[in-house]
There are 2 protein chains.
Amino acid sequence: MGESTLRDVAELAGVSPRTVSNVVNGYARVTDATRSKVEHAIAVLGYRPNVLARNLATGRSGQIVVVVPYLDTPYFAELLQTIIPTARKAGYNVLVDQTDGDRDHEVELIGRGPRRFLFDGMIISPLGLSQEDLSLRDPTLPLVVLGERPSDGTFDHVGIDDVAAATEAVRHLISIGRRRIAAIGDQPYPTGEAAQLRTRGFRAAHTAAGLPVDESLIISTTRFNRADGATAMAALLDRADPPDAVFCYSDLVASGAIHTALQRRLRVPEDIAVIGYDDIEDGRYGRPTISTISPDKKAIAQLAVERLIMRIGSTEPVLGVELRAAHRLIPRESTLRDVP
Amino acid sequence: MGESTLRDVAELAGVSPRTVSNVVNGYARVTDATRSKVEHAIAVLGYRPNVLARNLATGRSGQIVVVVPYLDTPYFAELLQTIIPTARKAGYNVLVDQTDGDRDHEVELIGRGPRRFLFDGMIISPLGLSQEDLSLRDPTLPLVVLGERPSDGTFDHVGIDDVAAATEAVRHLISIGRRRIAAIGDQPYPTGEAAQLRTRGFRAAHTAAGLPVDESLIISTTRFNRADGATAMAALLDRADPPDAVFCYSDLVASGAIHTALQRRLRVPEDIAVIGYDDIEDGRYGRPTISTISPDKKAIAQLAVERLIMRIGSTEPVLGVELRAAHRLIPRESTLRDVP
DNA sequence: ATAGTCCTTTGCAGCGCTGCAATGTAACCT
DNA sequence: AGGTTACATTGCAGCGCTGCAAAGGACTAT
């Protein structure tokens, strides 16, 4: 009573193994009589196709891998929550990998190692990869990149319009009367493009409003987490001339920043307004709730998966494309005292 | 310039394919001379072993799957963060699946479907599975179960001592002078064992302190999320005789509960103390910070992976075992006004 | 010198499936 | 009736690797 094979089913049904394969794969041109004979045999034997054998024969694994820097970052967890069912619906299993933002790890994953055979395509949110690193990749790997890493034309890129979104966030702070606005999260080095786009939006909003930018209010951080936000906020508040508002490059940063402000008995938003980015669930439940830029995460996840699967299915090279999902500003208590 | 195979390497190195295989797999009895010839050929051809072919030949996939109800629940995300690298170190890739707590989905995963071939073992945190469902599973599937689902002897179970932990949490509330203590998160139905253990601890602490249990203060919820916590807290506060403390069955529930309390201008912990469960990162940054039961998540993850891999490697059936990780009480601001 | 021992290397067969192209058969046309 | 078309079904070969057991070669002991 071991596992039965295609051949066993064929024998019992009195057809060739190839016909069984046709039935199993839903090949259209099988007569109903044959089909039901085969299906009956399948049921009797409890047959299930051996995916491993199919993989070898077809050269495909039916798996895609999603690579994120940190799994415990709610933003990525929320993305995965849509990516996985979307991929499943299309018949793909999802492998998950975590790089800790480590460049070498990321390079290894996109390179031509043996693991390449395990997935038909990859969705990656790179942190440590430089633009050149990306072109070092296995050229046969269908790739969709999340976050900010302009495409070199051989892969797709899905994200929101970061400059516009950042501009809106800062414009919102200006609109509620703030004039000394800080930014937490800049990353002024080659792999920090995503952060730099937000900084660009930060400047653009100032320019549009005719306000000067105080460069010393732009604080760099290595990551986008709570601890970074808490530390940066402490530095800002230690100044003789602290800001009256802060634009944080993620909701986690905002959460850490607010934590520090409240610890110092400051009122948010009265003494200092804070806006974040990502719209993670925590931000809706904290005290105060966190105003934020809400990217359409479902759209991002679905676009990424669909596009990747299209790439996998295509025989000729597909031109790399920039896909923009929508975003919107959601004001909450951290910038407006009373929100519905 | 396609992919080269074991055979190509063998030809170039002037040895048999089997020898190349031996080198690639680190088989000990290969002379240094042969080994270096082969390694050179591998380098020249840029050969990488085809994992798909290896999988078919060995009948193993080298993958394990981790099945959780919700990926965006920080507790699971934090677990995965340890599970993945631990498995990777042992040479396994990790597939992730999400069930939304849906029983049918869970049953399908542990059953004998074709996907079975894709993983050598499974770590599952079931929500909808009843005890009988668990025995319906594919008996050849090495299985480790997280959360509370006593083993039937054919799989392992990793968790903390929930009754003891819950007892400690409630004892802590009693120790700070609270007498009307509510519980949010009971699940008084067959699949709610995990919750019921906490309820048992809740009662035990009362008994030990010689306090009566007000049954009407035990609130059931279907999930353990923020929304549930917020709703349940609202119901408690609407009572004529609201509680002075609440034991929440997860930190998310606590977060939602605190949110509701603060909205109603109550002070936490002065007016109502709250303690959670899980020790997720949010709880350390909210306002107030959330007192909690902190399970040793790293230990849970590592135990689960190690045990699973042991099971996979073993030829004879392994007796199911209950593995207990440590936990500890962490008092924070939601129960003590001033914490270091 | 011959037999025995040990260790490296090899050949064979097959894991279970699918791609391809061909076979056989039934239905159609003139 | 003969020839053609259409389509269900099949056979072959092979995806690239490993398990097994045996072959071959070097070396030791007598």
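Calculation criteria
- Per chain, residues are indexed from 1 in the order of the written sequence.
- Here the convention is simple: chains get letters from A, ligands get numbers from 1, in the order in which they are written.
- Given that the model is predicted, a residue must reach a pLDDT of at least 70 before its local features are reported, and side-chain atom pairs must reach 80 or more before they are shown or counted; all residues, however, enter totals for whole chains, interfaces and linings.
- With hydrogens and water stripped out, all remaining heavy atoms of the structure feed into the side-chain values.
- Strands here are runs of E lasting at least two residues and helices are runs of H or I lasting at least four, both read from the DSSP assignment and numbered beginning at the N terminus.
- Burial classification: accessible surface area is computed with a 1.4 Å probe over protein chains only, and a residue below 20% of its type maximum counts as buried, one above 50% as exposed, and the rest as partly exposed.
- Note on contacts: a residue pair qualifies if any of its non-hydrogen atoms lie within 4.5 Å across the two residues.
- Any two strands with at least two DSSP-identified bridges between them are counted as paired.
- Between the N-to-C directions of two axes lies an angle of 0 to 180 degrees, each axis being a line fitted to C-alpha atoms and, for a helix, fitted only over the stretch in contact.
- Relative orientations are named as follows: roughly parallel for angles under 35 degrees, roughly antiparallel for angles over 145 degrees, roughly perpendicular for angles from 65 to 115 degrees, and oblique for any other angle.
- Here a crossing is called left-handed whenever its near helix is offset anticlockwise from the far helix by less than a right angle, and right-handed whenever the offset is clockwise.
- Residue polarity follows a fixed list, in which Ala, Val, Leu, Ile, Met, Phe, Trp, Tyr, Cys and Pro are nonpolar, Asp, Glu, Lys and Arg are charged, and the others, Gly among them, are polar.
- Buriedness for pockets is judged along seven lines, at least five of which must meet protein on both sides within 12 Å for an open set on the 1 Å grid over protein atoms alone, while cavities are sets there where a 1.4 Å probe fits but cannot get out, and lining residues have an atom within 4 Å of a point.
- Grid points are joined across faces, edges and corners, and a volume is the space filled by probe spheres set on the points.

Colleague: I'd love a proper account of the overall build of chain A, names of residues and values included.
Modeller: Secondary structure summary: chain A contains 13 helices and 12 strands in total. With respect to the principal axes defined by its C-alpha atoms, chain A has extents near 85 × 45 × 30 Å. Within the span of chain A, comprising 340 residues, buried residues form 57% of the whole. Within chain A, contacts between residues at least 6 apart in sequence are counted, and of these 70% link residues at least 24 apart.

Colleague: Describe the pairing of strand β6 (residues 181-186) of chain A, listing the residues and the values that go with them.
Modeller: All names here are of chain A. Burial analysis of β6 places six of its six residues in the buried class, the great majority of the element. When β6 meets strand β7 (residues 218-220), the two strands line up parallel, connected through three bridges. Along β7, the bridge assignment pairs Ala-183 with Ile-218.

Colleague: Could you give me a rundown of the packing of helix α8 (residues 162-175) of chain B against helix α9 (residues 193-209) of chain B, with the residues and numbers involved?
Modeller: All names here are of chain B. Orientation of α8 relative to α9, taken along the N-to-C sense of each, is 45°, at an axis distance of 7 Å. Looking at the two axes, α8 sits oblique to α9. The hand of the α8/α9 crossing is right-handed. Across the interface between the two elements, Asp-162, Val-163, Ala-166, Thr-167, Val-170, Arg-171 and Ile-174 from α8 touch Leu-197, Arg-198, Arg-200, Gly-201, Phe-202, Ala-204, Ala-205, His-206 and Ala-209 from α9. When the residues that make up the contact of α8 with α9 are grouped by side-chain class, the tally is nine nonpolar, three polar and four charged.

Colleague: Describe the pairing of strand β4 (residues 143-146) of chain A, naming the residues involved and giving the relevant values.
Modeller: Residue and element names in this part refer to chain A. Along β4, one buried face is formed by Leu-143 and Val-145 and the opposite face, lined by Val-144 and Leu-146, is buried too. In this sheet, strand β5 (residues 156-159) lies alongside β4 in parallel orientation, the contact comprising three bridges. Opposite Val-145, over in β5, you have His-157 as the bridge partner.

Colleague: Describe the layout of surface pockets, naming the residues involved and giving the relevant values.
Modeller: Estimates place the volume of the largest pocket at around 1300 Å³. In terms of lining residues, the largest pocket is bounded by 40 residues, among which Leu-262, Arg-287 and Pro-288 of chain A together with Leu-262 and Arg-287 of chain B are the most central. Of the residues belonging to the lining of the largest pocket, the class tally is 16 nonpolar, six polar and 18 charged. Considered as a void within the structure, the second largest pocket measures approximately 600 Å³ in volume. Considering the residues around the second largest pocket, the lining is formed by 26 residues, among which Arg-116, Asp-120, Thr-140, Leu-141 and Pro-142 of chain A are closest to the centre. Mapped by element, the contributors of at least two residues to the lining of the second largest pocket are α7 (131-135) and α13 (297-313) of chain A. The residue makeup of the lining of the second largest pocket, split by class, is 11 nonpolar, seven polar and eight charged.

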